[in-house]
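# Understanding the architecture of this molecule
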Amino acid sequence: MLTHPLYVRAARPGDLDTFIRWREETAAWLRTRHGTPQWSTPQDLGRRRNLLDQGATVVAMLEPDGEPVGTCTVLPGGSDRLWTARELAVPARYLCKLNVDRRFAGQAIGARMALWARSKAAEAGVGVIRLSAWSTNTCLHAYYRSHGWRHLRTVPGIRSGALFEASTLHTAEPGVREIGLIHLPG
């Protein structure tokens, strides 16, 4: 378990190659360890660049200006393919593209990044944070449940259609320090 702070900064265009490599490594691990094809399809690099340009993506490091060890993206809106009109009408933040360099797995980096995203949503006055997870990855579902996320439903026919949400009220201090001013969209 990681006990010292994580440091986050806004992702930069130069981080994109790292994100691509991490996704490929995580996809291979998921396939081998859990038998799931999660993240085995090619990434939409144009969308990924756009998220970087919007300032929605951050990287985590173990020390200020250190090597990136994880990433996530936090958005002010969700997809109408996943979320109902009623859900989308409620102010929320949407966590996606959470990934940790496999070399640093098991150190609670992902959990702390998700907690950081919850705290950023709370700071913005938003009471709910949501995510969609790979529909058939039941280990991932159990992971999110164990960290306070509630499974709402699974949208049929969508690979990443297992929908979860968590309250941002009473969110614990994530032990994450921001490097520079981070302005997430929304």
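Residues numbered from 1 in each chain as written. Predicted model: local features only at pLDDT ≥ 70, side-chain atom pairs only at ≥ 80, totals over all residues. Heavy atoms only, no water.

### Some thoughts on the sheet that holds strand E4 (residues 93–100)
Put simply, the test is: Here, a strand pair is defined by DSSP locating no fewer than two bridges between the strands. Counting from the N terminus, the helices are the DSSP runs of H or I reaching at least four residues and the strands are the DSSP runs of E reaching at least two. Every axis corresponds to a line fitted to the C-alpha atoms, with the helix fit spanning only the stretch in contact, and the corresponding angles, defined between N-to-C directions, vary from 0 to 180 degrees. Contact criterion: two residues are considered in contact whenever any of their non-hydrogen atoms come within 4.5 Å of each other.
Ordered by their spatial adjacency, 8 strands build an open sheet running E6-E7-E5-E4-E3-E2-E1-E8, and the pairing between neighbours is mixed. The sheet terminates laterally at strand E6 (150–154) and strand E8 (176–178), the two strands that pair on one side only. Going across the sheet, the axis of each strand differs from the next one's by a mean of 30°, ignoring polarity. Pairing geometry for strand E5 (residues 128–133) and strand E7 (residues 162–167), over 6 bridges, is antiparallel. When the bridges of E7 are listed, Ser 132 appears paired with Leu 163. Lying over the sheet, helix H2 (residues 45–54) contacts strand E2 (57–61), strand E3 (68–75) and E4, oriented at roughly 85° with respect to E3.

### Things to note about the packing of helix H1 (residues 16–34) against H2
Note the cut-off: Any angle from 65 to 115 degrees is called roughly perpendicular, while one under 35 is roughly parallel, one over 145 is roughly antiparallel, and all others are oblique. The sense of a crossing depends on the near helix, which, turned anticlockwise from the far helix by less than a right angle, makes the crossing left-handed and, turned clockwise, makes it right-handed. For this classification, Asp, Glu, Lys and Arg are treated as charged, while Ala, Val, Leu, Ile, Met, Phe, Trp, Tyr, Cys and Pro are nonpolar and the rest, including Gly, are polar.
For the pair H1 and H2, the least separation of the axes is 11 Å and the interaxial angle reads 130°. As the angle between them shows, H1 and H2 are arranged oblique. Crossing handedness for the pair H1 and H2: right-handed. Contacts between H1 and H2 involve Leu 16, Phe 19 and Ile 20 from the first element and Leu 45, Arg 48, Arg 49 and Leu 52 from the second. Classifying every residue of the contact of H1 with H2 by side-chain character gives 5 nonpolar, no polar and 2 charged.

### Quick notes on the pattern of salt bridges
To keep things clear, this is the line we draw: Salt bridges are defined by distance alone: a side-chain nitrogen of Lys or Arg within 4 Å of a carboxyl oxygen of Asp or Glu. Each residue is assigned to one of three classes by its accessible area relative to the maximum for its type, calculated with a 1.4 Å probe on protein chains only: buried under 20%, partly exposed between the two thresholds, exposed over 50%.
In the structure shown here, the tally under the stated rule is 9 salt bridges. With its nearest N and O atoms 2.6 Å apart, the salt bridge here joins Arg 153 to Glu 87. Residue Arg 153 is found in strand E6, and its partner Glu 87 is found in helix H3 (residues 85–89); the two are separated by 66 residues along the sequence. Arg 150 serves as the salt-bridge partner of Glu 165, at 2.8 Å between the closest nitrogen and oxygen. Of this pair, Glu 165 sits in strand E7 while Arg 150 sits in strand E6, and the two are 15 residues apart along the sequence. Taking the relative accessible area as the measure of exposure, Arg 150 reaches 49% and is therefore partly exposed.

### A closer look at the side chain of Gln 43
For the record, the criterion: Polar contact criterion, stated in full: a pair of N or O atoms within 3.5 Å, where within protein one must be able to donate a hydrogen and the other to accept it, and residues adjacent in sequence count only if both atoms are side-chain atoms.
Along the chain, the position of Gln 43 falls in the loop between H1 and H2. Within the local environment of Gln 43, its side chain forms a polar contact with the side chain of Arg 48, the two groups lying 3.2 Å apart. Beyond its immediate stretch of four places on either side in the chain, Gln 43 contacts Phe 19, Ile 20, Arg 23 and Arg 48.

### Remarks on the packing of aromatic side chains
Selection rule: Pairing of aromatic side chains here covers Phe, Tyr and the six-membered ring of Trp, requires ring centres within 6.5 Å, and sorts the geometry by plane angle: under 30 degrees stacked, over 60 edge-to-face, intermediate tilted. Comment: the charge-over-ring label is applied if NZ (Lys) or CZ (Arg) is within 6 Å of the ring centre and within 35 degrees of the ring normal.
One pass over the structure, following the stated rule, counts 5 aromatic pairs. Measuring from ring centre to ring centre gives 5.5 Å for Trp 83 and Tyr 94, while their planes differ by 65°; the resulting arrangement is edge-to-face. Of this pair, Trp 83 sits in the loop between E3 and H3 while Tyr 94 sits in strand E4, placing them 11 residues apart in sequence. Each member of the pair Trp 83 and Tyr 94 is classed as buried. Ring centres of Tyr 144 and Trp 149 lie 5.8 Å apart, and the angle between their planes is 70°; on these two criteria the pair is classed as edge-to-face. Judged by its relative accessible area of 9%, Tyr 144 is buried. On the basis of relative accessibility, which here comes to 4%, the residue Trp 149 falls in the buried class. Of the aromatic side chains, those joined through ring pairs into one cluster are Tyr 143, Tyr 144, Trp 149 and Phe 164. A cation over an aromatic ring shows up here: Arg 102 above the ring of Trp 29, its NZ or CZ 3.7 Å from the ring centre. For the cation-ring pair, Arg 118 lies above Trp 149, with the distance from its terminal atom to the ring centre recorded as 5.8 Å.

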